[in-house]
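As a plain string of letters, each chain reads:
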Amino acid sequence: ETGVTQSPTHLIKTRGQQVTLRCSSQSGHNTVSWYQQALGQGPQFIFQYYREEENGRGNFPPRFSGLQFPNYSSELNVNALELDDSALYLCASSSPGRGGEQFFGPGTRLTVL
Amino acid sequence: EDQVTQSPEALRLQEGESSSLNCSYTVSGLRGLFWYRQDPGKGPEFLFTLYSAGEEKEKERLKATLTKKESFLHITAPKPEDSATYLCAVRSGNTGKLIFGQGTTLQVKP
């Protein structure tokens, strides 16, 4: 069983730029959730995708957007990067048919200068 | 507003010294309480799901329990490899949104 993978591992951008992060879900999972984790804090929910549709969104501005593809992989796009966007971005996959457990990938460390 | 608070923020134990981590929650319509372990710079690793008060789950030296207002993660005779940040999260509503606490960082010294 293949776990959740994310790319890239690390990324450095400057303020105002745009970034795309990628996630491949665990085999058999059709739901992907994205979280932002600042240093020393718990993850914060950005949004979730189920069957290519957004299925819930946290308190993040519209410059955070996403996509889910037919193979259930997903992208997180962030426009007009700000210094406070520096964080670990986590992707988690799950299957609605199970207990709702979300399995996380290793994350992408984004640094905005 | 749904909220999760974990205590203590940090815990130092000697190898073999048992202890408990606390997770207090306020949520409308609990649809699961989850425990994760996170090593530095890595993604959270799933440990347990609890759904109703009185439920308990065990895995090696870890045991998770649930009441109507809080959950405990008991660590029995910990080893240095148990050192990590332990995260608690709750799920509410019809989406898969997880609300996390800030975590408890555990250090076990040999």
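What counts and how
Residues numbered from 1 in each chain as written. Chains lettered and ligands numbered in written order. Predicted model: local features only at pLDDT ≥ 70, side-chain atom pairs only at ≥ 80, totals over all residues. Heavy atoms only, no water. Pairing = 2+ DSSP bridges. Helix = DSSP H or I, 4+ residues; strand = E, 2+ residues; numbered from the N terminus. Axes fitted to C-alpha atoms, helices over the stretch in contact; angles between N-to-C directions. Salt bridge = Lys/Arg side-chain N within 4 Å of Asp/Glu carboxyl O. Phe/Tyr/Trp six-rings, centres within 6.5 Å; stacked < 30°, edge-to-face > 60°. Buried < 20%, exposed > 50% of the residue type's maximum accessible area, 1.4 Å probe, protein only. Polar contact = N/O pair within 3.5 Å; in protein donor to acceptor, adjacent residues only side chain to side chain. Contact = heavy atoms within 4.5 Å. Buried area = accessible area lost by both parts, 1.4 Å probe. Nonpolar A, V, L, I, M, F, W, Y, C, P; charged D, E, K, R; others polar.

(A) Representation of the sheet that holds strand 1 (residues 3-7) of chain B within the structure. Residue and element names in this part refer to chain B. Pairing is antiparallel across the open sheet formed by 5 strands, whose spatial order is 1-3-8-7-6. The open sheet is flanked by strand 1 and strand 6 (56-59), the only strands paired with a single partner. The mean inter-strand angle of the sheet, taken between neighbouring strand axes irrespective of direction, is 15°.

(B) Region of interest: the pattern of salt bridges. Residue and element names in this part refer to chain A. Applying the stated criterion across every chain, the model contains 8 salt bridges over all chains. Here Glu54 and Arg57 are joined by a salt bridge, their closest N and O atoms 3.3 Å apart. Counted as one network, the salt bridges with shared partners bring together Arg63, Glu82 and Asp85.

(C) Representation of the packing of aromatic side chains within the structure. All names here are of chain B. Summed over the entire model, instances satisfying the criterion amount to 10 aromatic pairs over all chains. Here Tyr36 and Phe100 contribute two aromatic rings whose centre-to-centre distance is 5.9 Å and whose plane-to-plane angle is 45°, an arrangement assigned as tilted. Linking Tyr36 in strand 4 (residues 30-38) with Phe100 in strand 10 (residues 98-100), this pair joins segments that are 64 residues apart in sequence. With a relative accessible area of 0%, Tyr36 lands in the buried category. Looking at Phe100, the relative accessible area reads 10%, which means it is buried.

(D) Spotlight on the sheet that holds strand 8 (residues 74-78) of chain A. Residues and elements named next belong to chain A. Spatially, 1-3-8-7 is the arrangement adopted by the 4 strands of the open sheet, whose pairing is antiparallel. Looking along the sheet, the strands with just one partner apiece sit at the ends: strand 1 (5-7) and strand 7 (64-68). Going from strand to strand, the sheet's axes swing by 20° on average, the running direction of each strand aside. For strand 3 (residues 19-24) and strand 8, the ladder comprises 5 bridges, and the chain directions are antiparallel. In the sheet register, Leu21 faces strand 8, and the bridge partner there is Leu76.

(E) Expanded view of the side chain of A:Thr20. Residues and elements named next belong to chain A. Inspection of the secondary structure assignment puts Thr20 in strand 3. Of note is the side chain of Thr20, whose polar atom sits 2.6 Å from the side chain of Asn77. The contact partners of Thr20, leaving out residues within four places of it in the chain, are Pro8, Glu75, Leu76 and Asn77.

(F) Summary view of the interface of chain B and chain A. The interface is formed by 19 residues belonging to chain B together with 20 residues belonging to chain A. For the pair chain B and chain A, the two sides together bury roughly 1400 Å², of which 56% comes from carbon and sulfur. Our count for the chain B to chain A interface comes out at 0 salt bridges. Counting the contacts that link chain B with chain A gives 6 residue pairs in polar contact (both at pLDDT 80 or more). Residue assignment for the side of chain B that touches chain A shows that the elements contributing at least two residues are strand 4, strand 5 (45-50), strand 9 (84-92) and strand 10 of chain B. In terms of residue class, the side of chain B that touches chain A is made up of 8 nonpolar, 8 polar and 3 charged.

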